[in-house]
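Structural characterization, general
So the chains spell out like this:
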Amino acid sequence: MEFEPKNIIVTGGCGFIGSNFVRHVVDNHPEVHVTVLDKLTYAGNPENIAGLPADRVELVVGDICDEDLLDRIVPGHDAIVHYAAESHNDNSIADPGPFLRTNVEGTFRLLEACRRFGVRLHHVSTDEVYGDLALDDPARFTEETPYRPSSPYSSTKASSDMLVRAWARTFGVRATISNCSNNYGPYQHVEKFIPRQITNLIDGARPKLYGDGLNVRDWIHTEDHSSAVWAILTQGRIGETYLIGADGERSNIDVLRAILEAFGRGPDDFDWVRDRPGHDRRYAIDPSKLRRELGWEPAHTDFAEGLAETVAWYREHEAWWRPAKAATEYHYGSIECYISLRD
Ligand code: NAD
Ligand code: DAU
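The paragraphs below set out a description of the structure included in this document. (Residues numbered from 1 in each chain as written. Chains lettered and ligands numbered in written order. Predicted model: local features only at pLDDT ≥ 70, side-chain atom pairs only at ≥ 80, totals over all residues. Heavy atoms only, no water.)

Observations concerning the site of ligand 1
Around ligand 1 there are 28 residues in total, and I17, D38, S87, Y153 and K157 lie nearest to it. Within the backbone of L40, a nitrogen or oxygen atom sits 3.5 Å from an oxygen atom of ligand 1. Within the side chain of K157, an N or O atom sits 2.7 Å from an oxygen atom of ligand 1. Protein contact buries 97% of the 830 Å² of open area that ligand 1 shows by itself. Of all the secondary structure elements, the ones that give two or more residues to the shell around ligand 1 are helix 1 (16-28), strand 5 (120-126) and helix 5 (152-171). (Near = heavy atom within 4 Å. Polar contact = N/O pair within 3.5 Å; in protein donor to acceptor, adjacent residues only side chain to side chain. Areas by Shrake-Rupley, 256 points an atom, 1.4 Å probe, with all protein chains shown as cover. Helix = DSSP H or I, 4+ residues; strand = E, 2+ residues; numbered from the N terminus.)

Side note on the sheet that holds strand 2 (residues 33-38)
Strand order in the open sheet formed by seven strands is 3-2-1-4-5-6-11, and the pairing between neighbours is parallel. The sheet is open, and its two edges are formed by strand 3 (57-61) and strand 11 (241-244), each paired on a single side. When the angles between neighbouring strand axes are averaged without regard to direction, this sheet yields 20°. Pairing analysis gives five bridges linking strand 1 (residues 7-11) to strand 2, with the strands arranged parallel. Residue pairing across strands places N7 opposite H33, the latter belonging to strand 2. Sheet contacts for helix 7 (residues 222-235): strand 4 (79-82), strand 5, strand 6 (175-180) and strand 11; angle to strand 5, the most-contacted strand, approximately 145°. (Pairing = 2+ DSSP bridges. Axes fitted to C-alpha atoms, helices over the stretch in contact; angles between N-to-C directions. Contact = heavy atoms within 4.5 Å.)

Thoughts on the site of ligand 2
Neighbouring residues of ligand 2: 25 residues in total, closest T126, D127, Y153, R276 and H279. In the model, an oxygen atom of ligand 2 is placed 2.8 Å from a nitrogen or oxygen of the S87 main chain. Between ligand 2 and R196 there is a distance of 2.8 Å, counted from an oxygen atom to a side-chain nitrogen or oxygen. Taking 700 Å² as the accessible area of ligand 2 by itself, protein coverage stands at 95%. Put simply, the parts of the chain that give the shell around ligand 2 at least two residues each are helix 6 (193-202) and strand 8 (208-210). Taken together, the residues that form the shell around ligand 2 break down as seven nonpolar, ten polar and eight charged. (Nonpolar A, V, L, I, M, F, W, Y, C, P; charged D, E, K, R; others polar.)

A word on the pairing of strand 6
Strand 6 sits mainly inside the fold: six of its six residues count as buried. With burial as the criterion, each face of strand 6 is covered, one bearing A175, I177 and N179 and the other bearing T176, S178 and C180. The pairing of strand 5 with strand 6 spans six bridges and is classified as parallel. Its bridge partner lying in strand 6, V124 is registered against S178. Chirality of the crossover, the property in question, places the unit of strand 5, helix 5 and strand 6 among those that are right-handed. With four bridges connecting them, strand 6 and strand 11 associate as parallel partners. (Buried < 20%, exposed > 50% of the residue type's maximum accessible area, 1.4 Å probe, protein only. Right-handed = clockwise from strand over helix to strand, strands pointing away.)

Structural data, given as structure tokens:
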């Protein structure tokens, strides 16, 4: 029987993907009220959910690690959809501490709150928990692939998945997990690959490509991620993991050249930069279980079209990204400095 939540908490609902899910619920499920719980770190922006009706969405600014806060707000909700995380690999290499706290301790605190108040949890995770694949490996990740995380970020996400599995089995917490591939679309922070290169080009700066540029990511539009999470929350089997992907494998250099073309720039008009330490080579998701069991299908199947719309969105929304751009590039300078000193 389908789960029909009326009152949900979305952690990290002011971030890139969480805010898309909040808008997805408001647009498609008029019976549902959303409480957004977000600490508003550098990655959280209340503008991402601005303009949504006040009787449908309430923002609580706070930390998922704050047990007293959870005791106050969790009762009365049917489910928590858990997006809040430190999400950027490069940051996790320079300073892993916040990743341990939010991604591991924060998930533990939410699980304990779900246990105390009998609330359903959907835990949003990443394909990076499975490590990487060789470029010529015909395999893709499935729900049975062993965990083999490479970075401080992905190891904390893997740890959080393990906690969810243990709390489901030992304490009977009604939980599901999804592991999704790389998202793109509007409202993504300018630290991430696609928005960083688009905004560099708008600024007349050169894009930055790590290593040999042949690393492969499996791109999915964030709206497709949101529809998949809703399907799992409402129809997924308790205790199960579902992989989310849209058959979108592309090398970084191909994606960058498509962005350069959208700006009328030459295919080599970028800087090669030092590789990310431990850089995963290839991610690839087999989403068969999600499609077969829940009948989910992605709506955004044309990557070129989705990328063009994303480029247009950043061109039209400079006021949204401009405040974070200089600080992000400055921070990249410190990360590069940290890596050179380490080497
Ligand atoms: P993001 O960095 O854009 O947003 C994270 C949000 O969490 C921000 O609003 C931030 O303020 C909030 N937050 C951080 N620490 C918090 C805390 N302690 N308490 C409350 N709120 C806190 O991240 P994103 O790219 O939107 O990713 C969201 C989730 O999806 C993450 O769990 C990430 O691991 C997962 N995911 C991301 C991708 C991707 O491609 N970006 C792919 C698969 C899975
Ligand atoms: O696979 C899902 C994961 O995708 C999520 O769990 C993470 O939260 C999300 O950040 C993303 O991780 P990646 O490390 O793959 O994303 P990022 O945008 O940082 O980088 C994408 C690829 O582009 C990666 O191979 C590194 C490369 N890159 C990145 C930047 C920022 C560059 O070549 N140049 C850059 O300037």
